[in-house]
Amino acid sequence: MNRACLLAVVLALANAVQAAEPPLPTSVVTRLPDKERVVALSFDACQARKPTRLDHGITDFLVARGVPFTIFMGGRFARDHESEVRALAANPGVSIQNHSWSHPRDMRLLSDEQVRGEVTEAARALERVVGRRPTLFRFPGGHADERTVGVVEAMGYRVVHWRWTEGDPARDIDADMLVEQTLQRTRAGDILIFHVNGRGWHTAEALPRIVDGLTARGFRFVTIEERLGQR
Ligand SMILES: [Zn+2]
């Protein structure tokens, strides 16, 4: 199968999986409320039981270029990578947000109390390591429904997902495919989602071309928090 064909199949599958889920409440942020040509780079730092790592190929590049970005980080990830995360968070333009404590496979299967526990425990770890309280939450795997979103919003969070996914945890999506699909699909206000926990196999390799390509197309990079905070 050639590259373009493989890309089409992978994207069709990803969209089919998304379509199989009931629609999320409209309060879930899937793009920035912006007509301006802004785009938010977001990265998930997921960690369930197996240890993961901070992908410095991604963070070093963005920090050096002064490109703002948002990481949705698991509480366990923050705990296990404390000094690296603290150093990263000290850079301007780096926003670190809540991605649950233990990265449950599907938070819809948890009770209200368990959902609150996941959010609170992660917030505590992030606040201790990052030094700022998170205000945004992303559900692991994007699995959420009216009830679980309601529980998290009642805690004062905005829930932030995406309009379309990059699919970078699939090993066969190479750097060229990531660049190509990003430049083709990105629209004003999009929230791009990659992985910074070592599971975005080709993300660090693709990122310089993505940043240059989007910049050349007139996009400006922003953090999600700064754009939502204005409204
Ligand atoms: Zn995740």
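Scroll up to find the structure.
Residues numbered from 1 in each chain as written. Predicted model: local features only at pLDDT ≥ 70, side-chain atom pairs only at ≥ 80, totals over all residues.

Ala40, Phe43, Ala45, Ile71, Met73, Leu126 and Val159 are the most contacted members of the largest nonpolar core, which has 56 residues in total. No other element matches the eight residues that helix H5 (residues 112–130) contributes to this core. Non-local contacts of phenylalanine 43, meaning those with residues more than four positions away in its chain, are made with Ile58, Phe69, Ile71, Phe194, His195 and Val196. (Core = buried A, V, L, I, M, F, W, Y, C linked by C-beta atoms within 7 Å. Buried ≥ 20, exposed ≤ 12 C-beta atoms within 10 Å, placed from the backbone. Helix = DSSP H or I, 4+ residues; strand = E, 2+ residues; numbered from the N terminus. Contact = placed C-beta atoms within 7 Å.)

Turning our attention to the pairing of strand S6 (residues 191–195). Taking burial as the measure, the five residues of S6 include five buried ones, the bulk of the element. By the alternation rule, side chains of S6 split into Ile191, Ile193 and His195 and Leu192 and Phe194, which are all buried. For strand S1 (residues 38–45) and S6, the ladder comprises five bridges, and the chain directions are parallel. Following the sheet pairing, leucine 41 is matched in S6 by leucine 192. (Pairing = 2+ DSSP bridges.)

A separate point is the packing of H5 against helix H6 (residues 146–154). Where H5 meets H6, the axes come as close as 10 Å, and the angle between the chain directions of the two elements is 50°. Classified by the interaxial angle, the pair formed by H5 and H6 is oblique. Between H5 and H6 the crossing geometry is right-handed. Taken together, the residues of H6 that come into contact with H5 (itself represented by Asp112, Val115, Arg116 and Val119) are Thr148, Val151 and Val152. (Axes fitted to C-alpha atoms, helices over the stretch in contact; angles between N-to-C directions. Parallel < 35°, antiparallel > 145°, perpendicular 65-115°, else oblique. Left-handed = near helix turned anticlockwise from the far one by under 90°.)

The subject of this paragraph is unusual backbone geometry. Positioned with a positive phi, serine 100 is a non-glycine residue whose angle comes to about 75°. Relative to the helices and strands, serine 100 is located in the loop between strand S3 (94–98) and H5. Given 28 C-beta atoms within a 10 Å radius, serine 100 is considered buried. Although it is not a glycine, histidine 103 sits at a positive phi angle of roughly 55°. Inspection of the secondary structure assignment puts histidine 103 in the loop between S3 and H5.

Buried residues dominate strand S2 (residues 69–73), accounting for five of its five residues. Of the two faces of S2, the one lined by Phe69, Ile71 and Met73 and the one lined by Thr70 and Phe72 are each fully buried. In the sheet, S1 pairs with S2 via four bridges, with the strands oriented parallel. Looking at S2, one finds that phenylalanine 43 is bridged to isoleucine 71. This β-α-β element, S1 to helix H2 (residues 56–65) to S2, shows right-handed connectivity. Note: S2 against S3, five bridges, orientation parallel. Across the sheet, residue phenylalanine 72 finds its bridge partner in S3, namely glutamine 97. (Right-handed = clockwise from strand over helix to strand, strands pointing away.)

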